[in-house]
Amino acid sequence: MKTIEYACARAQDIVARAQAAGADAADAVYGADTSTDVSVRLGKLEDVGRSESAELGLRVFVGRRNASVSTSDFSDTALANLVERAIAMAREAPEDEWAGLAPQDRLMTGPMPALDLDDGGDIAPEALKARALEAEDAARAVPGVTNSEGGSASVGRGVTALATSHGFVGGYAASSHGISASVLAGAGSAMERDYAYHSARHFEDLDAPAIIGRRAGERAVARMNPARIDSGAMSVVFDSRVGNSLLGHLLGAIAGAAIARGTSFLLDALGTQIFGADVAVMDEPLHRRGLRSRPFDGEGLPVAARALVSGGVLQTWLLDSASARQLGMAPTGHAARGGAGAPGVSASNLALQPGTVSRDALIGGIKRGVYVTELIGMGVNGVTGDYSRGASGFLIEDGAIAAAVSEFTIAGNLRDMFRALVPADDLVLRYGINVPTVLVEGMTVASG
């Protein structure tokens with residue numbers, strides 16, 4: 001696996017080549033990763049996969065024109081051709097008055113934050129196989145489980161570096177570990193499937209395989225013999241593993257590019273109340289061992305904890321330099337960069353802060369509703385906020401979770417849903433986007 005120093009040197013070298021070839025400005029991102037994954041099914045090894053990849057992305061500016069190219073061939077001839085092609089493309093590109101490197105006076109300086117993202121990520125396939133088998137065995141041991149889609153375990157490590165022609169260079173490494181299991185309960189056409197998984201930067205933070213497997217088995221069994229649901233307006237409770245999608249829709253709506261294009265249902269919402277007064281959403285890029293932690297953004301700007309929503313009020317857009325210029329604002333440190341193309345925006349470790357009511361109390365106040373554990377399809381309009389998705393889960397009757405239900409649709413408008421959202425107090429930081437159990441009153445539920 002390549003070192004951070006090697007990655008930084010690669011990015012700096014291609015930027016220097018571009019400047020020498022006539023680019024007015026340039027930036028480059030280098031990324032390399034290795035991963036190993038092992039899958040088993042019904043107690044037998046099914047697949048072992050190993051992947052290694054490396055990519056170098058270059059963006060050049062000639063006046064107000066720019067172009068982006070990428071390569072996985074690092075020979076001198078290939079790099080020379082890459083630079084030549086990028087500059088030729090930029091000279092033919094249309095002018096873009098908003099594009100450009102991040103403001104130089106805003107670039108990150110000083111030492112990199114210590115985020116402890118890398119534990120080495122080197123585990124033998126035999127050990128991964130043992131974890132995958134343990135997870136699947138635990139799932140299959142749950143009474144009622146009748147078949148398996150398998151268990152898996154994985155390990156990976158990657159290194160990322162960014163260099164710009166106006167003075168920034170930085171890089172970092174991150175490891176990843178994962179375990180999952182997916183099983184079926186019941187028989188014939190009445191079979192129900194569910195799953196469980198966990199991911200972590202460090203192996204020592206990963207849930208035990210048996211815990212993950214047992215969770216998958218219990219979830220599948222709980223979904224057996226689903227009932228039908230009557231249509232109507234009712235309370236909808238989102239389990240934490242699907243409720244995080246609501247924050248995903250928020251991120252799309254406050255991305256700078258969407259605001260600049262006028263294609264967001266929150267177009268005029270900055271500084272206004274979009275959630276209840278007790279709701280807060282925090283972005284934590286410097287969270288130690290966080291799944292989406294990073295020491296700098298995709299343009300070399302420093303990152304810091306930021307409230308996206310405080311007291312229910314929308315506090316900020318997510319801005320890279322281009323969208324910030326277009327909107328007459330400052331970039332927010334949310335730029336995200338892949339190997340090719342211009343930066344976009346992305347949040348880091350996002351969390352809807354916990355409320356003051358327990359999950360049981362939240363559900364206990366519902367006469368009739370649904371508890372959603374799975375969402376299907378993507379029927380969400382980012383321009384209008386209209387929301388309609390297939391779902392499955394459980395009935396809520398007289399304050400208690402009752403029979404499993406499937407093949408129903410939940411619908412509403414995200415503006416109304418956000419304002420009606422009530423978080424429970426059971427937030428656990430397990431994913432890149434985290435929410436506690438949340439209640440949304442007054443959604444439309446329709447049977448399939």
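Predicted, not measured: the structure shown is a model, and the values here were computed from it.

> Can you walk me through the environment of Pro354 in this structure?
Structurally, the position occupied by Pro354 is in the loop between strand S13 (350-352) and helix H8 (359-364). By relative accessible area, Pro354 is classed as partly exposed at 38%. On a C-alpha basis, the gap between Pro354 and His177 in space is 27 Å, while along the polypeptide they are 177 residues apart. Apart from residues no more than four positions distant in its own chain, Pro354 is found in contact with Ala424, Asp425, Leu427 and Pro436.

> Honestly, the pattern of salt bridges in this entry has me stumped. Any pointers?
It is possible for side chains of opposite charge to pair when their charged atoms get near one another. Applying the stated rule across the entire model yields 22 salt bridges. Here Asp207 makes a salt bridge to Arg430, at a shortest N to O gap of 2.9 Å. You can see Asp207 sitting in the loop between strand S6 (192-200) and helix H4 (209-222) and its partner Arg430 sitting in the loop between strand S17 (421-423) and strand S18 (433-434), a full 223 residues away along the chain. Between Arg241 and Asp239 there is a salt bridge; the shortest N-O distance is 3.8 Å.

> Looking at this structure, how should I read the environment of Ile229?
Within the secondary structure layout, Ile229 lies in the loop between H4 and strand S7 (232-238). Residues Ile229 and Val405, spaced 176 residues apart in sequence, show a C-alpha to C-alpha distance of 6.7 Å. Each residue touching Ile229, except ones within four places of it in the same chain, is listed here: Met234, Val370, Leu395, Val405, Phe408, Val445 and Ser447.

> It is not clear to me how the packing of aromatic side chains should be interpreted in this structure. Could you clarify?
Each aromatic ring pair is described using two quantities: the centre-to-centre distance and the angle formed by the ring planes. On inspection of all chains with the given rule, the structure shows eight aromatic pairs. Consider the rings of Tyr172 and Phe296, whose centres lie 5.6 Å apart with planes at 80°: the pair is edge-to-face. One end of the pair, Tyr172, is in strand S5 (residues 169-185); the other, Phe296, is in the loop between strand S8 (281-283) and strand S9 (306-310), with 124 residues separating them in the sequence. By relative accessible area, Phe296 is classed as buried at 4%. Joined through ring pairs, the aromatic side chains of Tyr6, Tyr30 and Phe74 make up one cluster.

> What exactly am I supposed to notice about the nonpolar core here?
For soluble globular proteins, the rule of thumb is that nonpolar side chains tend to be buried together. Counting residues in hydrophobic clusters, the biggest one holds 48 residues, and the most contacted among them are Phe238, Leu250, Val370, Val372, Tyr387, Phe408 and Ile410. For this core, the element with the highest residue contribution is helix H5 (residues 240-254), accounting for seven residues. Residues in contact with Ile410, not counting those within four places in the same chain, are Val236, Phe238, Val372, Leu375, Tyr387, Ser388, Arg389, Met443, Thr444 and Val445. Grouped together as the second largest cluster of nonpolar side chains are 27 residues, Ala7, Ile14, Ala18 and Leu79 included.

> Where do I start with the sheet that holds strand S3 (residues 65-71) in this structure?
The pairing of strands in a sheet happens through backbone hydrogen bonds and is either parallel or antiparallel. One open sheet accounts for six strands, arranged S3-S2-S1-S4-S5-S6; its pairing is antiparallel. Both outer strands of the open sheet, S3 and S6, are each paired with one neighbouring strand and no more. Each adjacent strand pair in this sheet contributes to an overall mean axis angle of 20°, direction not counted. Inspection of the sheet shows strand S2 (residues 44-62) paired to S3 by seven bridges, in the antiparallel sense. Residue pairing in the sheet places Leu56 in a bridge with Thr71 of S3. Contacting strand S1 (25-41), S2, strand S4 (145-164) and S5, helix H1 (residues 4-20) crosses the sheet at an angle of about 50° to S4.

> How should the side chain of Asp194 be read in this particular structure?
Residue placement: Asp194 occurs in strand S6. Judged by relative accessible area, Asp194 falls into the buried class, the value being 2%. For Asp194, the side chain forms a polar contact with the side chain of Arg241, separated by 3.1 Å. Not counting residues within four places of it along the chain, the set of residues in contact with Asp194 comprises Ala181, Ser182, Val183, Ala216, Arg219, Ala220, Arg223 and Arg241.

> Sorry if this is basic, but what is going on with the side chain of Arg10 here?
Among the structural elements, Arg10 can be located in helix H1. Although buried, Arg10 forms no salt bridge, and the nearest oppositely charged side chain, Asp13, lies 4.9 Å from it. Once residues lying within four places of it in the same chain are set aside, the contact partners of Arg10 are Tyr30, Leu56, Phe74 and Leu79.

> Explanation requested: the packing of helix H3 (residues 125-140) against H4 in the structure shown.
Two quantities define a packed helix pair, namely the angle between the axes and the distance from one axis to the other. Running from N to C, H3 and H4 cross one another at 35°; their axes reach a closest spacing of 7 Å. Crossing handedness for the pair H3 and H4: right-handed. For the pair H3 and H4, contact is made by Arg131, Glu134, Ala135, Ala138 and Ala139 and by Pro209, Ala210, Gly213, Arg214 and Gly217, respectively.

> Explain unusual backbone geometry to me, please; I cannot follow it from the model alone.
Glycine aside, residues mostly have negative phi angles, and peptide bonds mostly take the trans form. In this structure, Arg289 is a non-glycine residue whose phi angle is positive, near 65°. Summarising the element assignment, Arg289 is placed in the loop between S8 and S9. The exposure class assigned to Arg289 is buried, which follows from its relative accessible area of 15%. We note that Glu407 has phi near 55°; this positive angle belongs to a residue other than glycine. In this structure, Glu407 sits in strand S16 (residues 400-413).

Parameters at a glance
Residues numbered from 1 in each chain as written. Predicted model: local features only at pLDDT ≥ 70, side-chain atom pairs only at ≥ 80, totals over all residues. Heavy atoms only, no water. Helix = DSSP H or I, 4+ residues; strand = E, 2+ residues; numbered from the N terminus. Buried < 20%, exposed > 50% of the residue type's maximum accessible area, 1.4 Å probe, protein only. Contact = heavy atoms within 4.5 Å. Salt bridge = Lys/Arg side-chain N within 4 Å of Asp/Glu carboxyl O. Phe/Tyr/Trp six-rings, centres within 6.5 Å; stacked < 30°, edge-to-face > 60°. Core = buried A, V, L, I, M, F, W, Y, C linked by side-chain atoms within 4.5 Å. Pairing = 2+ DSSP bridges. Axes fitted to C-alpha atoms, helices over the stretch in contact; angles between N-to-C directions. Polar contact = N/O pair within 3.5 Å; in protein donor to acceptor, adjacent residues only side chain to side chain. Lys, Arg positive; Asp, Glu negative; His and termini not counted. Left-handed = near helix turned anticlockwise from the far one by under 90°.

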